[in-house]
Amino acid sequence: MPAQKDVRKKNSSATTKTKATTRMAYGVKLLTSQHKDIRKLKRDAEAPSIHGNKFWGSSYLIMDYLQKNPPQKGCRVLELGCGWGLASIYCAKKYKAKVTGIDADDAVFPYLQLHAAHNDVEVKTKKQYFEKITTKQLEKYDMIIAADICFWDDLADIVYKLIRRACKAGVGKIIIADPQRSPFLEMSERCVNKFYAELEPWSVKKPRSASGSLLIIENN
Ligand SMILES: C[S@@+](CC[C@H](N)C(=O)[O-])C[C@H]1O[C@@H](n2cnc3c(N)ncnc32)[C@H](O)[C@@H]1O
């Protein structure tokens with residue numbers, strides 16, 4: 001009996017020493033802030049300046065929705081305001097989607113590319129403001145996804161007009177997730193009236209808790 005006690009003691013100290021620096025979310029490998037590659041980026045690279053400084057919870061709502069409503073394999077996906085690109089990486093990994101992430105702040109891209117490399121997928125990136133994305137550019141995509149991109153008052157009109165251009169360009173499906181910030185709700189109301197969008201409450205409990213709404217446009 002005393003011998004067994006010793007083993008337990010050893011095991012628990014081993015667990016403490018090897019604290020995980022990665023975790024999984026919907027099949028995507030995420031690096032925690034303790035991971036050496038994240039620490040190196042935080043030390044050496046320019047810091048993101050428009051809130052693209054972590055994986056935000058709304059990306060989990062998109063992954064959960066897509067898991068229940070999977071897109072076609074190999075579809076062309078554009079993520080708007082991609083930040084660290086969790087939903088982009090999920091689409092590339094799970095559905096072999098050809099994904100482009102656009103963000104106004106190119107300081108987010110090293111974090112996205114680091115995670116893409118750890119997940120063995122490719123995601124293209126482009127630095128661009130929503131206001132500058134043209135209808136012609138949007139014609140190249142089957143689906144648009146975006147998580148938590150409507151957080152300032154002036155973004156409500158900017159995002160609404162971008163969705164209008166995407167509908168005109170013939171993008172088949174648009175999914176925008178948000179924790180129900182008021183500019184998002186204002187923008188959504190306009191989309192419900194103009195593009196027959198649906199606004200659905202959505203929440204996930206695991207692997208982390210997140211809740212909000214999904215604005216979904218089927219543009220067929
Ligand atoms: C709250 S973060 C969300 C990031 C990511 N979608 C996520 O869920 O983790 C908002 C992102 O939108 C980008 N962004 C904000 N305003 C923008 C604009 N006008 N044009 C393009 N990107 C913008 C920011 O740089 C930032 O990466």
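Residue numbers run consecutively from 1 along every chain, following the written order of its sequence. Totals for whole chains, interfaces and linings use every residue, but because this is a predicted model, local features are given only for residues with pLDDT of at least 70 and side-chain atom pairs only at 80 or more, for both listing and counting.

J.: Can you tell me about the overall build of the protein, naming the residues and giving the values?
T.: Every helix listed is a DSSP run of H or I at least four residues long, and every strand listed is a run of E at least two residues long, numbered separately from the N terminus. Of regular secondary structure, the protein possesses eight helices and nine strands. With respect to the principal axes defined by its C-alpha atoms, the protein has extents near 75 × 35 × 35 Å. Exposure is read from a count of other C-beta atoms within 10 Å of each residue's own; the residue is exposed at 12 or fewer, buried at 20 or more and partly exposed in between. C-beta atoms are placed from the backbone. Taken across its 220 residues, the protein has 36% of its residues classed as buried.

J.: Go over the sheet that holds strand 5 (residues 123-127) with me, naming the residues and quoting the values.
T.: Only strands joined by at least two bridges in the DSSP assignment are considered to pair. With respect to topology, seven strands assemble into an open sheet ordered 5-4-3-6-7-9-8, the strand pairing being mixed. The open sheet terminates on both sides in strands that have one partner only, identified here as strand 5 and strand 8 (198-204). Neighbour-to-neighbour, the strand axes of the sheet open up by a mean angle of 20 degrees, direction not taken into account. Where strand 4 (residues 98-103) lies against strand 5, five bridges are found, and the strand directions are parallel. Within the sheet, the bridge partner assigned to Thr100 lies in strand 5 and is Lys124. In this description, a line fitted to the C-alpha atoms serves as the axis of each element, helices being fitted only across the stretch in contact, and the angle between N-to-C directions of two axes falls anywhere from 0 to 180 degrees.

J.: Please set out the environment of Arg76 residue by residue, giving values where relevant.
T.: You can see Arg76 is positioned in strand 3 (residues 76-80). In this structure, the C-alpha to C-alpha distance between Arg76 and Val171, residues 95 residues apart in sequence, is 9.8 Å.

J.: With reference to specific residues and values, describe the nonpolar core.
T.: Note on soluble globular proteins: their nonpolar side chains tend to be buried together. Buried Ala, Val, Leu, Ile, Met, Phe, Trp, Tyr and Cys residues form a nonpolar core when they are connected through C-beta atoms within 7 Å. Of all hydrophobic cores here, the largest spans 61 residues; its most connected members are Ile62 and Ile144. The greatest single-element share of this core, amounting to six residues, is contributed by helix 4 (residues 86-95).

J.: Give a description of helix 4 that names residues and reports values.
T.: Most of helix 4 is tucked away, with seven of its 10 residues classed as buried. Among the residues of helix 4, those classed as buried are Leu86, Ala87, Ser88, Ile89, Tyr90, Cys91 and Ala92. Phi turns positive, to about 50 degrees, at Lys96, one or two residues after helix 4.

J.: Mind laying out the pairing of strand 7 (residues 173-178), listing which residues take part and the relevant values?
T.: Judged by how many residues are buried, strand 7 sits mostly within the fold: five of six residues are covered. When strand 6 (residues 143-147) meets strand 7, the two strands line up parallel, connected through five bridges. Considered in strand 7, the bridge of Ile144 is made with Ile174. As paired strands, strand 7 and strand 9 (residues 210-218) are joined by six bridges and run antiparallel to one another. Opposite Ala177, over in strand 9, you have Leu214 as the bridge partner.

J.: Give me the lowdown on the environment of Ile133, citing residues and values where you can.
T.: With respect to the element layout, Ile133 can be found in the loop between strand 5 and helix 6 (135-138). Between the C-alpha atom of Ile133 and that of Leu162, which follows or precedes it by 29 residues, the distance is 7.4 Å.

J.: With reference to specific residues and values, describe unusual backbone geometry.
T.: Cis rather than trans, the peptide bond between Lys206 and Pro207 has omega equal to 5 degrees. Position of Pro207 relative to the elements: it lies in the loop between strand 8 and strand 9. Residue Tyr26 is not a glycine yet carries a positive backbone phi of 50 degrees. Locating Tyr26 in the fold gives a position in the loop between strand 1 (22-25) and strand 2 (28-31). We classify Tyr26 as buried; it has 20 C-beta atoms within 10 Å. The phi angle at Tyr196 is positive, at roughly 55 degrees, despite the residue not being glycine. With respect to the helices and strands, the residue Tyr196 is situated in the loop between helix 8 (182-195) and strand 8.

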